[in-house]
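Breakdown of the fold
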Amino acid sequence: MHKAADRIRNVAIVGHRGTGKTSLHEALLFQGGAINRLGSVTDGTSTSDADPDEKARQMSISLALSSFEWQDRKVNLLDTPGDSSFVADALGALRVCESAVFVVNAVMGVEVHTNRLWQRAAELDLARLLFVNMLDRERADFFRTLDSLKSAFGQHVVATEIPIGSEHDISGLIDLVDMKAYAYEGTGRDNCSEIPIPDELQAQAEEYREKLMDEVSETSDSLMERYLEGDEISHEEIVAALKDGTNHGSLHPVTCGVATANLGTNRLLDAIVEDLPSPVKHGGLEVGEVTLEPAEDQPLFAYVFKTRADPFAGRINLFRVYQGTMSQDSHVLNTRTHIKERIGQLVTCEGGGQTGHADEFGPGDIGAGAKL
């Protein structure tokens, strides 16, 4: 059985080269239980950089799809190349997702390629969340990077977390939505524990919580009115307003962490499933005069956005199902060639390889098929 469309999150991981996108993808897979060991780009052991060229260059040159479950949602992650020479794969990923996580280097701030991809994501009306990575590097500064994000992408960029410590002394995060602090020790899945907010950071946390509330309250007139009158706004209302604001780009949450140390990735996964929209929440796709809704009882409409060569399985096609259900051993019409094709084996993916067989992919899902 396939996952219901409202329990799916399709997320492209994008950004400039060298921001740590593949390391973040690896950490999310590890935290989500899809892999048992945290690989490394520099060691050539990361899941998505499986090609010998990618290992030699220590950079992604092709899009990689991975799927796993977190909090009873299916998360489809698309790790994309950051080098502008391979921008086609990043643009292809943005086309088939409702959301994008923009990864930013905490030392360098906003770089050229990030700007270009942001403009494309805005044109596609995608929900955009930002992850400030590499906070453990020398000269890394979260607050300077936050200011550069606001300058580049507007005042609706707002922090939902701030770090505890800086550079080599970073040790945790403060969640501004719940006003709770978390410490991290080691790189294991259970490396996070709740702690009291440090006294020296209490005033700073309250300052940035106030900025977050200012932005969240703007998503609704009634919420704004109550907020200005000093009424208490419940946690559920804040989360709902944050999700509504993020959905169509009127709010851009900023999270942070260190991907290579698995610091903050559990919080990012929570943000992906709680704050970013499902295909149902985001709405149907307009194709000419037709709207494709993520409904099972409609005719199948799927879009192949990437074809790659597999040394064992031959040609593998990655596709997004917009409407209906893609089933193995069925026949579909190829609208490019105007001929019928048989859907043979359907597979699930993890980075650069296949992990298993699937009977079907439902509306809103992303999967792969062999030899179309």
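Refer to the structure above for everything that follows.
Structure report, in brief. Along each chain, residue indices are assigned from 1 in the same order as the chain's sequence is written. The model is predicted, so local features are restricted to residues of pLDDT at least 70 and side-chain atom pairs to those at 80 or more, both for listing and for counting; the totals for chains, interfaces and linings are taken over all residues. Heavy atoms from the whole structure form the basis of all side-chain values; hydrogens and water molecules are not counted.

1. Description of the packing of aromatic side chains
Pairs were defined over the aromatic rings of Phe, Tyr and Trp, the Trp ring being its six-membered one, requiring ring centres within 6.5 Å. Orientation was assigned from the angle between planes: stacked under 30 degrees, edge-to-face over 60, tilted for the rest. For the coordinates displayed, the defined rule picks out 6 aromatic pairs. Summarising the aromatic geometry, the rings of F142 and F143 are spaced 5.2 Å apart at their centres and angled 85 degrees between planes, so their arrangement reads as edge-to-face. Categorising residues by exposure relies on relative accessible area from a 1.4 Å probe, with only protein chains included: less than 20% of the type maximum marks a residue as buried, more than 50% marks it as exposed, and the intermediate range marks it as partly exposed. With a relative accessible area of 3%, F142 lands in the buried category. Their ring planes at 45 degrees and their centres at 5.2 Å tell us that F143 and Y208 sit as a pair that is tilted.

2. Remarks on the side chain of H282
Every helix listed is a DSSP run of H or I at least four residues long, and every strand listed is a run of E at least two residues long, numbered separately from the N terminus. Along the polypeptide, H282 turns up in helix α10 (residues 279-282). Among the residues examined, H282 registers a relative accessible area of 14% and is labelled buried. By the criterion applied in these results, polar contacts are pairs of N or O atoms within 3.5 Å in which, for protein atoms, one can donate a hydrogen and the other can accept it, and in which residues neighboring in sequence qualify only through two side-chain atoms. A polar atom in the side chain of H282 sits 3.1 Å from the backbone oxygen of D125. Any pair of residues with heavy atoms lying within 4.5 Å of one another is described as a contacting pair. Those residues in contact with H282 that lie beyond four places of it in its chain are E98, D125, L126, A127, N247, H248 and P277.

3. Let's talk about helix α5 (residues 142-153)
With 12 residues, α5 should reach 16 Å at 1.5 Å per residue; the first-to-last C-alpha distance of 16 Å fits that figure. All of the buried residues in α5 are F142, T145, L146, L149, K150 and F153. For α5, the arc enclosing every buried residue in end-on projection is 145 degrees, short of the 170-degree limit, so these residues lie on one face. You can read the cap of α5 off the contacts: a side-chain oxygen lies 3.0 Å from the backbone nitrogen of F143, and it is on D141. Just beyond α5, the residue with positive phi is G154, at close to 100 degrees. By this rule the span expected of a helix is its residue count minus one, scaled by 1.5 Å. Note that the arc is computed from the directions linking the helix axis to the C-beta atoms.

4. Observations concerning empty space enclosed by the protein
Grid points spaced at 1 Å and placed over the protein atoms alone form the basis of the search, with a cavity being a set where a 1.4 Å probe fits but cannot get out and a pocket an open set showing protein on both sides within 12 Å along at least five of seven lines. Lining residues have an atom within 4 Å of a point. Grid points are joined across faces, edges and corners, and a volume is the space filled by probe spheres set on the points. Applying the stated criterion across every chain, the model contains 1 cavity of 30 Å³ or more. Here the largest cavity defines a volume of roughly 40 Å³. Broken down by element, the residue count for the lining of the largest cavity peaks at 3 residues, all from helix α6 (residues 199-217). Taken together, the residues of the lining of the largest cavity sort by class into 5 nonpolar, no polar and 2 charged. For this classification, Asp, Glu, Lys and Arg are treated as charged, while Ala, Val, Leu, Ile, Met, Phe, Trp, Tyr, Cys and Pro are nonpolar and the rest, including Gly, are polar.

5. Topic: the side chain of K150
One can find K150 in helix α5. Buried and unpaired, K150 has E215 as its nearest opposite-charge partner, separated by 5.5 Å. Within the local environment of K150, its side chain forms a polar contact with the backbone oxygen of V157, the two atoms lying 2.6 Å apart. When sequence neighbours within four positions are dropped, the list of residues in contact with K150 reads Q155, V157 and V158. The charge count treats Lys and Arg as positive and Asp and Glu as negative. His and the chain ends do not count. The rule for a salt bridge is simple: a side-chain nitrogen of Lys or Arg has to be within 4 Å of a carboxyl oxygen of Asp or Glu.

6. Observations regarding the sheet that holds strand β10 (residues 192-195)
In this analysis, strands are considered paired if DSSP registers two or more bridges between them. Read across the open sheet, the 4 strands follow the order β7-β8-β9-β10; overall the sheet is antiparallel. Each of the sheet's edge strands pairs with one partner strand only, and the pair in question is β7 (161-164) and β10. Direction aside, neighbouring strands of the sheet carry axes that sit 30 degrees apart on average. Alignment of β7 against strand β8 (residues 172-175), held across 4 bridges, turns out to be antiparallel. Residue pairing in the sheet places I162 in a bridge with I174 of β8. The axes used here are C-alpha line fits, helices contributing only the stretch in contact, and every angle between their N-to-C directions lies in the interval 0 to 180 degrees.

7. Observations regarding the packing of helix α1 (residues 21-31) against helix α9 (residues 265-275)
One way to put it is that α1 packs onto α9 with a least axis distance of 9 Å and a crossing angle of 85 degrees. Classed by the angle they form, the pair α1 and α9 counts as roughly perpendicular. In this structure, α1 contributes L24, A27, L28 and Q31 to the contact, and α9 contributes T265, N266, L268, L269 and I272. Tallied by class, the residues present in the contact of α1 with α9 amount to 6 nonpolar, 3 polar and no charged. Angle categories are assigned with fixed cut-offs, so that under 35 degrees is roughly parallel, over 145 is roughly antiparallel, 65 to 115 is roughly perpendicular, and the rest are oblique.

8. Observations concerning the pairing of strand β11 (residues 252-256)
In terms of burial, β11 is largely enclosed, as 5 of its 5 residues are buried. With burial as the criterion, each face of β11 is covered, one bearing H252, V254 and C256 and the other bearing P253 and T255. Two elements, strand β5 (residues 127-133) and β11, share 3 bridges in a ladder whose sense is parallel. Its bridge partner being in β11, V132 is matched across the sheet by C256. Two elements, strand β6 (residues 157-159) and β11, share 3 bridges in a ladder whose sense is parallel. For V158, the partnering residue across the bridge sits in β11 and is P253.

9. Points about the state of the cysteines
Criterion for a disulfide: a pair of cysteine sulfur atoms at a distance within 2.5 Å. The final tally for this structure, using the stated rule, is 0 disulfides. C256 supplies the cysteine sulfur nearest to C192, a cysteine that is in no disulfide, at a spacing of 12 Å. Taking relative accessible area as the criterion, C192 reaches 24% and is therefore assigned partly exposed. Here C349 is not disulfide-linked; the sulfur of C97 is the nearest cysteine sulfur, at 14 Å. By relative accessible area, C349 is classed as buried at 3%.

10. Side note on the packing of helix α8 (residues 235-247) against α9
Contact pair α8 / α9: the axes reach a minimum separation of 9 Å and the direction vectors enclose 80 degrees. When the axes of α8 and α9 are compared, the pair comes out roughly perpendicular. Between α8 and α9, the contacting residues are L242, K243 and T246 on the first element and V273, E274 and D275 on the second. Taken together, the residues of the contact of α8 with α9 sort by class into 2 nonpolar, 1 polar and 3 charged.

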